[in-house]
Each structure stands twice: as C-alpha cells, then as structure tokens.
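Residue-level structural notes
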Amino acid sequence: MQASDARDGAGPDDGAAIRETMNIVIVGHVDHGKSTLVGRLLADTGTLPKGKLESVKATCDRTGKVFEYAFLLDALEAEQDQGITIDAARVFFRTDRRDYIIIDAPGHIEFLKNMVTGAARAEAAILLIDAAEGVQENSRRHGYLLAMLGIRQVVVVVNKMDLVGYSRDAFVDIAQEYRRFLAEIDVTPQHIIPVSARAGELITGASAQMPWYDGPAVLEAIDAFEKQPARHDLPLRVPVQDVYKWGHRGDDRRIVAGRVESGRVRVGDEVLFSPSGKRSRIASIEGFNLPAPPQEVVAGRSTGVTLTEQLYVERGEIMSHVDHPPSVGSGLRVKLFWLGRKPMTRGRSYKLKLATAETAVSIAAIHRVLDASELGSSTGKDRVERHDVADLELHARKPVALDLAHEIEGTSRFVIVDGFDIAGGGIVSEVFDGPALGQAARDASALRRARLGHPATLVLIAGDPEAPELRDLGRALERRLLDGGHHAYAALGLSHGAARALLDAGLVIITIDDADAPALHAAAEELRDAALARVVVDGEPGPEDISIQTGAGAPPVEQLLVALAERGRLRS
Ligand code: GTP
Ligand code: MG
C-alpha cells in the first residue's frame, strides 16, 4: 500500500477490505526520544521502503556519524517523491490492524492551535518521558494539554530505560508519580510502558532486558486504542447557519440551513432548537439539484430543512433530536489556551465562537493557570498570558448550546476572538445555567459580577449633597440604571466601610460628595472588580472625570449614561 492512500484520509482501496486509519499524536519533552521511537516503529513494522534502513546506516558509517533512528525520518522527508511515508509533521505507518498517522508535535503551541481550530485531529496520544530525567514540568504540561483537548486515550512511554539499567524500581517510581499527576487531571493512561527506543526494547515485542514487565509493547498498546464512533452514529447536531425565506410571494415557509455535524435526520423527525428550546418536525429536506427531495441527510452534509411549524430560529442555534439535546448555559467552565499577544484579563469582553454561535464572554473566575514561562501551575494568577493554559469560568452574555469536552467534535470546541484575531481556544468541561455558586475556589465577587452582568461602580457626583439638581441627577441615574437591569443604589453620606460592602456586593452606587472623598476612592480601589467614576457637572473636570454640561445637548442623565457605557461600566 502507498502511504498516500492514508494521507488522503479516504482509506486505501486496493481490492482488500477497507482499512481503518487512526491519528495519534506523540508528545514529550525535547530530546526525550520522540523521533527515535517513531523511527523505530517505522523500521520494526516494515513500513520503510526496502533497503532504506541499510542505506541510512551506510551513509552514517561513511560520514563517521553515529546512526540515529531519527535520521530515518529526515531521510524520508528528503525523498518526498518516492511513495514516501512522511511529511513535515506527520508519519504514516501500518500494522496488521490498521493504518496510522503519527503527528510528531514539536511545538505544542502550533499543534494546539491546529487541534482547536480543527486543522489537525488526534484520537489518541503517546506521552513520552525520559527515564533518566523523570517527570518534568513539561511532562505535566503535556498531560494537561491532552486532557484539555479531550484526548482520553493515552499511553505513557517511559523511554531510555537502558540509561537506568532497565531498573524496575526506577520505572515504578516514575510511573507512580506520573499516574498520580494524571489522575488529578482526570486522565487514566491505558498503559505505562518502559522502553528503550534506541535499543528497540518493548517497541514491537517482549523484552529480555525487562522480564519484570508483563504489559503490552508500544505497538500492541496503540493497536488497542479504540476508534471513535463514526459521526453519523452520534446524536444529531446541526448548527444553524442561516434561515432563508422562501422566495415566493405568499409563501412564508422558511428554510433552516446548516451542516450536519453529527448524526442523521429524517423527514418527520421531531427536532429541538437550542438554546431557544423551540420544537417542531421536519416537513421536508431540500435537495438542491436533486431530482427528488431526500428523506434523510447524514453527518458531513450541508442541508436545508423546512419545519411543520413556522418557528423563528436564529443562526447560532443547534438543531438536535428532542431526546438527545446539547447542553445549554451561560456559565461555562472551560479549559483554554491563550495565544493572544495581549493577556486575557478580567473585566474585558471577548468574542466566543462555537459552531455557528457567537457571543460576548468575560472571565467570571480563574481556577488555575498553567504558566508558560515557569511551567508551573498557579492558582493565584488573575490573568492568562500568551501560551498559558487555563482552567476558567467564563460568563457568556447569552446562553450557548454546546457539547461537553469532545463528545461531538464540531460542537464542543470554541475559539476566542480578540479584535480580529483568534486569541485562544479550548473546550467546555461544565455548563451552568448561570454561573453557579458553591464550588471550591470560586471568586465570589467575580461571580456576582458575572451574574449581575455589570461591574461594581461607585458613581461619585462632585458637589453639594443638598443641591437639588445634583440630587435629581442622582435619582434619575438610579432609576435609569434599575430600568436597564442594573443593581443600582443611590445614597448619601457613605462611609468607607459601607461603600466597600456595597461595591463588594456588586452594586452601582451613586452618591454626592463635595470633598475629594478619599475614603470612597479607597473603597473602590481595594476591590479588584470595582471602579470609581467621578462626575463633574458644569465644572472643571480632572483628566479622569466624567464631565456633564447641563446647558447644551442631551439631558445630564443621558450624558452620564453614555459616559458610563463608554467606560464599560454598564450592561450591554
Ligand atoms: P526533539 O524532536 O528535539 O524534541 O527530540 P526527540 O524527542 O525527537 O528526541 P530524539 O528521538 O531526537 O532523541 C534525542 C536523543 O535521545 C538522541 O540522541 C537519541 O539517540 C537519544 N535516545 C532516544 N531514545 C533513546 C533510548 O531509548 N536510550 C538512549 N540511551 N538514548 C535514546
Ligand atoms: Mg524529534
């Protein structure tokens, strides 16, 4: 078989039964032996072209280099045109069971980006650890990344066992330590295998050097990975792309268009749209350019359907069957990696895109950040920097329909857009109706803020608390904010303690004070999510102040609302 068959993803068709292809990613710290292991797998599975191994060895002899299995990959890459089994990041090989594409992930960031945007996909992973160096922060990072990507089939390979004298104790120590760590992040490795990739121990068969090990060799372990179910066997998901009105006059039917991500749908099926919760039945499936309209459409196809009821559904909803709906919520616990040049911070709004849905999100709580520079996990960070991996809670401005952590490819992944760029991406591990309370390590004031939908703000109108026009302005603002769904409270004579408590409770407080009110400034400054907005009416504003002119233009309360909105202090 030519490797290019597998590359097409169509499956080889050389008269034999159709063979399965599986994508596996191999990750590990630099120099821990990924390429050597892959070279070994190529050589020992007979995937290499005839004479290749010998010729690479001969070249090494001639040039006085010590032969490395990794050279096989370079040699193959240099000969792309000869039915070759490798390109820059992917290596193809086959076993009796099936064909494999191994993704050697040199830079995990690029790989992650590709995984999350859907450009690359892996169904299983090999995680490599150097026996002599043991578990490194990077080994943890990689484990965490795999968990984040929802790759649950993992085999851990402890390589370079020759360097520790094939010692059982050395292996057990590493295996135990790593298994404990993986358990913390909900990853259960199917096997932990001691090997020497260089010496070929436990790659394709039993090892005389490690008689104490009675598990499978690497090849058996990966042949035991299970294929993900075919997409048309999964629950129905059709993210709504668009809703078209039928062109004819008097015909108010609408066509709901979208791509069937998974499952299958038939005429007559009862369907549910999420998050709206609207239900109807499929009246017809439109067959564009087909002689007769189809009765069924399956995963992978774009389609348009009409419904028996005239529902108003929107782009971004997901059509499913009634008995297997997606999850819906606006509180999203996510695992996310960040690529943005600017860090992801609290108090800023980002665009989340999931399938065809788009909504504004902000950080409601930061549970854990895996730091890119220190490669350590930190719970105290209050921002997510470039290349960090984070466990966050996001608040979405409107409920989103989705599937949890890779249950279904196209509806379980999201990307975050900051400005015009994809700045991050990840998967959703939990969904709440609203940001739920009561979980450990929640940042309560951030949650309140998320639930209220606006930040805590102290609106300090500068001037005499007895002045009727200022009191009117304060009252008018309170009223307008309440009408707009804000938790607003107008009060005079606030102490530092009272202001602090009200701000911590997430309110917009409106007060009037003619002094500089340092106690109030301090109250706002002490709380991370709160801010003070000082308002000067017909006076001389400082650079930070909101300036209101009563003589001209919009009424003062309107001017004030605009200024607060501009500062991001209002619900939007
Ligand atoms: P990068 O691609 O740079 O991240 O490295 P890698 O993980 O692909 O490692 P590679 O396979 O290039 O191996 C790095 C070095 O480790 C080479 O010198 C290998 O010969 C050596 N090595 C790999 N496997 C073994 C092993 O089982 N035992 C010993 N002693 N050395 C090994
Ligand atoms: Mg390598």
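My aim in this report is to walk through the structure given alongside it, one point at a time. Computed from a prediction, not measured in an experiment: that's the story for all the values here.

Turning to the overall build of the protein, a few remarks are in order. Tallying secondary structure elements over the protein gives 14 helices and 28 strands in all. Taking all 572 residues of the protein together, 51% fall into the buried category. Considering only residue pairs separated by 6 or more positions, the protein has 69% of its internal contacts joining residues 24 or more positions apart. With the model as given, the accessible surface of the protein reaches about 26,200 Å², and the carbon-plus-sulfur share is 47%.

Turning to the side chain of Ser412, a few remarks are in order. Tracing the backbone through its elements, the reader meets Ser412 in helix H9 (residues 409-412). Engagement of the side chain of Ser412 in a polar contact is seen with the backbone oxygen of Ile408, the distance being 3.0 Å.

It is worth spelling out the environment of Ala531 at this point. With respect to the helices, strands and loops of the structure, Ala531 is situated in strand E27 (residues 531-537). For the pair Ala531 and Val508, spaced 23 residues apart in sequence, the C-alpha separation works out to 9.6 Å. Residue contacts for Ala531: discarding those within four places in its chain leaves Ala456, Thr457, Leu458, Ala524 and Arg569.

To continue, consider the pairing of strand E24 (residues 457-462). Judged by how many residues are buried, E24 sits mostly within the fold: six of six residues are covered. Of the two faces of E24, both are covered, the one formed by Thr457, Val459 and Ile461 as well as the one formed by Leu458, Leu460 and Ala462. Sheet topology places E24 next to strand E26 (residues 508-513); six bridges connect them, and they run parallel. For Leu458, the partnering residue across the bridge sits in E26 and is Ile509. Inspection of the sheet shows E24 paired to E27 by six bridges, in the parallel sense. Its bridge partner lying in E27, Val459 is registered against Ala533.

With respect to topology, six strands assemble into an open sheet ordered E2-E3-E1-E4-E5-E6, the strand pairing being mixed. Edge positions in the open sheet fall to strand E2 (90-94) and strand E6 (191-194), since each of these has one partner strand only. Going from strand to strand, the sheet's axes swing by 25° on average, the running direction of each strand aside. As judged from the seven bridges shared by strand E4 (residues 124-130) and strand E5 (residues 153-159), these two strands associate in the parallel manner. By the bridge assignment for E5, Ala124 is matched with Gln153.

This next bit is on the packing of helix H11 (residues 468-483) against helix H14 (residues 556-566). Two numbers describe how H11 lies on H14: the axes approach to 9 Å, and their chain directions differ by 55°. Our classification of the angle between H11 and H14 gives oblique. Relative to H14, the crossing made by H11 is right-handed. Residues Leu473, Ala476, Leu477, Arg480 and Leu481 of H11 touch H14, and the partners they reach there are Pro556, Val557, Glu558, Leu560, Leu561 and Leu564. Among the residues making up the contact of H11 with H14, the classes are represented as nine nonpolar, no polar and two charged.

What follows is about the packing of aromatic side chains. Under the definition given, this model contains six aromatic pairs. For the pair Phe93 and Tyr100, a centre-to-centre distance of 5.1 Å together with 20° between the ring planes defines the contact as stacked. There is no split in this pair, since Phe93 and Tyr100 are both buried. Ring geometry for Trp338 versus Tyr350: centroids 5.6 Å apart, planes at 80°, classification edge-to-face. Remark: Tyr350 occurs in strand E17 (residues 350-354) and Trp338 occurs in strand E15 (residues 327-338); sequence separation between them is twelve residues. Site record: aromatic cluster; members linked through ring pairs are Phe171, Trp212 and Tyr213. Positioned above the aromatic ring of Phe71, the side-chain terminus of Lys65 is 4.8 Å from the ring centre.

Parameters and conventions
- Residues numbered from 1 in each chain as written.
- Chains lettered and ligands numbered in written order.
- Predicted model: local features only at pLDDT ≥ 70, side-chain atom pairs only at ≥ 80, totals over all residues.
- Heavy atoms only, no water.
- Helix = DSSP H or I, 4+ residues; strand = E, 2+ residues; numbered from the N terminus.
- Buried < 20%, exposed > 50% of the residue type's maximum accessible area, 1.4 Å probe, protein only.
- Contact = heavy atoms within 4.5 Å.
- Areas by Shrake-Rupley, 256 points an atom, 1.4 Å probe, with all protein chains shown as cover.
- Polar contact = N/O pair within 3.5 Å; in protein donor to acceptor, adjacent residues only side chain to side chain.
- Pairing = 2+ DSSP bridges.
- Axes fitted to C-alpha atoms, helices over the stretch in contact; angles between N-to-C directions.
- Parallel < 35°, antiparallel > 145°, perpendicular 65-115°, else oblique.
- Left-handed = near helix turned anticlockwise from the far one by under 90°.
- Nonpolar A, V, L, I, M, F, W, Y, C, P; charged D, E, K, R; others polar.
- Phe/Tyr/Trp six-rings, centres within 6.5 Å; stacked < 30°, edge-to-face > 60°.
- Lys NZ or Arg CZ within 6 Å of the ring centre and 35° of its normal.

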